[in-house]
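Observations on the model geometry
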Amino acid sequence: MTARRTAAWRTALSLFTILPVGGGAELGEDQAARAVRWLPAVGLLLGLAGAAVILGVGADGSSGPRRLLGAALAIALLALLTGGLHLDGLADTADGLGSRRARADALAIMRRPDVGPMGVAALVLVLLIQVSALAAIPRVPLAAAALVLAEVTGRAAVVVATGSPAARPGGFGALVAGRTSTWDRVATVVLLCCTVAVAGFAAGGAALATRGLIAALAGLVAGGLLQRAARRRLGGMTGDVFGAILEVSAAVTAVACALLS
């Protein structure tokens, strides 16, 4: 069992980051389903890396330009560490859903290698929102914590979305869509909420814990709404949709943190 968990952890890192951890070349349904359960942990690791950038840039002061620079560099680092994987999914999903075409045509648009105007707009707006939201948080340590929360919540939203069926055969989406149990998804949300509550209470009392929970729930709701839209328009999930859910959920979480700070 320990070996399987280690293999799943390494597979998750190899799938969702550019880190050279040697997750293996072949990927089956069971292995993919186990790996996707580790997504929030991967988000924690990435979020801590981004938080270190925010704290480092803002160490000499918390002026507006320094907070903006720290937020931009942190988001850029996350894009680099993930190889732009989720951002690519966001752009493709925006092109597909924004096309207002029939299901088959929308899925075909999402598989094209080029990025259309809706995809470009989605990328620019979501990245702008993420950076602006983090920069709008006046206290640098709280901005760093907000980034960690956003990255973990976005990935928890993906785990929740794996309860929907695949929109088409083939691809990573087909490997994990519908492959997690209800217990996996509920446990992910409960663990997220409990961790946020405990960490928030320890760092700033009940008020901070409450704000963190509200932000996390807002991100999960946003991810759920996009999941519902994709299931209605596309018939289910694809790897691109999972990436879009992650980025949108993270952005909403960050915005909620900014508005509540």
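The structure this text deals with has already been given above.
Residues numbered from 1 in each chain as written. Predicted model: local features only at pLDDT ≥ 70, side-chain atom pairs only at ≥ 80, totals over all residues. Heavy atoms only, no water.

**Looking at the overall build of the protein chain**
- Helix and strand counts for the protein chain come out as eleven helices and zero strands.
- Expressed as lengths along the three principal axes of its C-alpha atoms, the size of the protein chain is roughly 50 × 45 × 35 Å.
- Counting over 261 residues, the protein chain shows a buried share of 48%.
- Relative to all contacts within the protein chain whose residues are 6 or more apart in sequence, the contacts with residues 24 or more apart total 75%.
- Of the roughly 11900 Å² of accessible surface on the protein chain, 67% is carried by carbon and sulfur atoms.
- Computed over 22 positive and 13 negative side-chain charges, the inter-centroid distance for the protein chain is 7 Å. (Helix = DSSP H or I, 4+ residues; strand = E, 2+ residues; numbered from the N terminus. Buried < 20%, exposed > 50% of the residue type's maximum accessible area, 1.4 Å probe, protein only. Contact = heavy atoms within 4.5 Å. Areas by Shrake-Rupley, 256 points an atom, 1.4 Å probe, with all protein chains shown as cover. Lys, Arg positive; Asp, Glu negative; His and termini not counted. Charge placed at Lys NZ, Arg CZ, Asp CG, Glu CD.)

**Considering unusual backbone geometry**
- Within the chain, R100 stands out as a residue other than glycine whose phi angle is a positive 60 degrees.
- Along the chain, R100 falls in the loop between α5 (85–98) and α6 (103–110).

**Details of the packing of α5 against helix α11 (residues 239–260)**
- The interhelical angle for the contact between α5 and α11, taken along N-to-C directions, is 105 degrees, at an axis separation of 7 Å. In terms of orientation, α5 lies roughly perpendicular with respect to α11. Across the interface between the two elements, H86, L87, D88, G89, L90, D92 and T93 from α5 touch D240, V241, G243, A244, L246, E247 and V248 from α11.
- Within the contact of α5 with α11, the residues separate by chemical class into six nonpolar, four polar and four charged. (Axes fitted to C-alpha atoms, helices over the stretch in contact; angles between N-to-C directions. Parallel < 35°, antiparallel > 145°, perpendicular 65-115°, else oblique. Nonpolar A, V, L, I, M, F, W, Y, C, P; charged D, E, K, R; others polar.)

**Considerations on the environment of G171**
- Mapping G171 onto the fold places it in helix α9 (residues 171–176).
- Residue G171 is classed as exposed on the basis of its relative accessible area of 55%.
- When the C-alpha positions of G171 and I18 are compared, they lie 19 Å apart, and in sequence the two are 153 residues distant.

**Digging into a nonpolar patch on the surface**
- Residues V115, V120 and V124 make up a contiguous nonpolar surface patch of roughly 230 Å² in combined accessible area.
- For V120, a relative accessible area of 43% translates into the label partly exposed. (Patch = residues over 30% accessible without salt bridge, like charges linked within 9 Å, V, L, I, M, F, W, Y side chains within 5 Å. Salt bridge = Lys/Arg side-chain N within 4 Å of Asp/Glu carboxyl O.)

**Considering helix α7 (residues 117–135)**
- An ideal rise of 1.5 Å per residue puts 27 Å on 19 residues; α7 measures up with 27 Å between its terminal C-alpha atoms.
- All of the buried residues along α7 are G119, A122, V126, Q130, V131, A133, L134 and A135.
- If you follow the buried residues of α7, they end up packed against α3 (39–57), α4 (64–81), α5, α8 (140–161) and α11. (Expected span 1.5 Å × (residues − 1).)

**Looking at the pattern of salt bridges**
- Counted under the stated rule, the structure contains two salt bridges.
- Where R37 meets D184, a salt bridge forms, and the shortest distance between an N and an O atom there is 2.9 Å. Here the residue R37 occupies a position in the loop between α2 (29–36) and α3, and D184 occupies one in helix α10 (residues 182–234), the gap between them amounting to 147 residues.
- Looking at R37, the relative accessible area reads 35%, which means it is partly exposed.

Shape descriptors only; they carry no functional weight alone.
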